[in-house]
Amino acid sequence: MAGEKQKRKNVPAAAGERRQDELKRIAVNIRNRVFSESILLMLRQTGDFRPIPIPSQQQDMILIECLDAVPEILLMDVTPSLAESTPEGRLSLVREIRRELPECKIALLCDEVAYPELARDVMRAKQTGQIDAFFYASVTAEYLAAALDAL
């Protein structure tokens with residue numbers, strides 16, 4: 001079995017497909033499990049990403065998992081329900097991630113309809129260069145995948 005995996009790894013990708021080592025590593029830290037799993041599945045199905053689920057909401061655990069996975073992109077949601085997932089909490093973690101993984105792009109996702117004030121805070125974080133991208137929850141899966149691939 002291990003030999004079989006090794007063989008597959010060395011097989012050239014079909015035209016238009018990326019090899020496993022060429023896939024963008026994207027860590028996904030979204031509190032809502034259904035939403036998180038949907039995004040992970042969508043990213044896998046594009047064939048362009050190697051999604052890495054980070055289920056913990058504790059900042060120190062998210063940092064440890066990111067240091068272990070070394071993602072190219074970290075996608076996190078912003079919500080008012082936990083201090084760690086508020087804009088302030090996420091930006092605190094972003095500073096730590098940037099210190100440890102300066103090449104990692106940071107994207108935040110928020111529900112602009114339910115939390116318009118959080119959406120404004122996230123937009124300002126992008127305007128001031130604290131994050132690399134932001135998305136509203138109403139974005140289509142196709143747009144989200146394309147925009148993340150462009151990061």
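As shown above, the structure is provided for reference.
What you see is a predicted model, and the numbers here were worked out from it, not measured in a lab. (Residues numbered from 1 in each chain as written. Predicted model: local features only at pLDDT ≥ 70, side-chain atom pairs only at ≥ 80, totals over all residues. Heavy atoms only, no water.)

*Asks:* How would you summarise the overall build of the chain if you had to cite specific residues and measurements?
*Replies:* Across its full length, the chain carries six helices and five strands. Listing each helix as α and each strand as β along the chain from the N terminus yields α-β-α-β-α-β-α-β-α-β-α. Looking at the chain as a whole, 38% of its 151 residues are labelled buried. Pairs at least 24 residues apart make up 71% of the contacts formed inside the chain by residues separated by at least 6 positions. Of the roughly 8700 Å² of accessible surface on the chain, a fraction of 53% belongs to carbon and sulfur atoms. (Helix = DSSP H or I, 4+ residues; strand = E, 2+ residues; numbered from the N terminus. Buried < 20%, exposed > 50% of the residue type's maximum accessible area, 1.4 Å probe, protein only. Contact = heavy atoms within 4.5 Å. Areas by Shrake-Rupley, 256 points an atom, 1.4 Å probe, with all protein chains shown as cover.)

*Asks:* Can you explain helix 4 (residues 87-100)? Please cite residues and give values.
*Replies:* In this model helix 4 runs 20 Å from its N-terminal to its C-terminal C-alpha over 14 residues, within 8% of the 20 Å that 1.5 Å per residue would give. Taken together, the buried positions of helix 4 are Pro87, Gly89, Arg90, Leu91, Leu93, Val94 and Ile97. Taken together, the buried residues of helix 4 touch strand 1 (24-29), helix 3 (59-69), strand 3 (73-78), strand 4 (105-110) and helix 5 (116-127). (Expected span 1.5 Å × (residues − 1).)

*Asks:* Explain the nonpolar core to me, using residue names and the numbers behind them.
*Replies:* The biggest cluster of nonpolar side chains holds 22 residues, and the ones touching the most others in it are Cys66, Leu74, Met76, Ile97, Ile106 and Ile131. At the level of secondary structure, the elements contributing two or more residues to this core comprise helix 3, strand 3, helix 4, strand 4 and helix 5. Those residues in contact with leucine 74 that sit more than four places away from it in its chain are Ala27, Cys66, Ile97, Cys104, Lys105, Ile106 and Ala107. With 18 residues, the next largest nonpolar core counts Ile26, Leu43, Ile73 and Leu148 among its residues. (Core = buried A, V, L, I, M, F, W, Y, C linked by side-chain atoms within 4.5 Å.)

*Asks:* Tell me about helix 3, residues and numbers included.
*Replies:* Listed as buried for helix 3 are Gln59, Ile62, Leu63 and Cys66. The buried residues of helix 3 all sit within an arc of 100° when viewed along its axis, so they share a single face. In this fold, the buried residues of helix 3 make contact with strand 1, strand 3 and helix 4. Just beyond helix 3, the residue with positive phi is valine 70, at close to 50°. (Arc of directions from axis to C-beta.)

*Asks:* Summarise the pairing of strand 5 (residues 133-136); cite the residues concerned and give the values.
*Replies:* Along strand 5, the buried face is formed by Ala133 and Phe135; none of Phe134 and Tyr136, which line the opposite face, is buried. Bridge analysis of strand 4 against strand 5 gives four bridges, and the strand direction is parallel. Note that in strand 5 the partner of leucine 108 across the bridge is phenylalanine 134. In terms of handedness, the path from strand 4 via helix 5 over to strand 5 forms a crossover that is right-handed. (Pairing = 2+ DSSP bridges. Right-handed = clockwise from strand over helix to strand, strands pointing away.)

*Asks:* Explain the sheet that holds strand 4 to me, and be specific about the residues and the numbers.
*Replies:* The five strands lie next to each other as 2-1-3-4-5, forming an open sheet whose pairing is parallel. The open sheet has two edge strands with one neighbour each: strand 2 (49-53) and strand 5. Strand-to-strand twist in this sheet, taken as the mean axis angle between neighbours without regard to direction, amounts to 25°. Bridge analysis of strand 1 against strand 2 gives five bridges, and the strand direction is parallel. Directly across from arginine 25, in strand 2, lies its bridge partner arginine 50. Relative to the sheet, helix 4 contacts strand 1, strand 3 and strand 4, its axis offset from that of strand 3 by approximately 165°. (Axes fitted to C-alpha atoms, helices over the stretch in contact; angles between N-to-C directions.)

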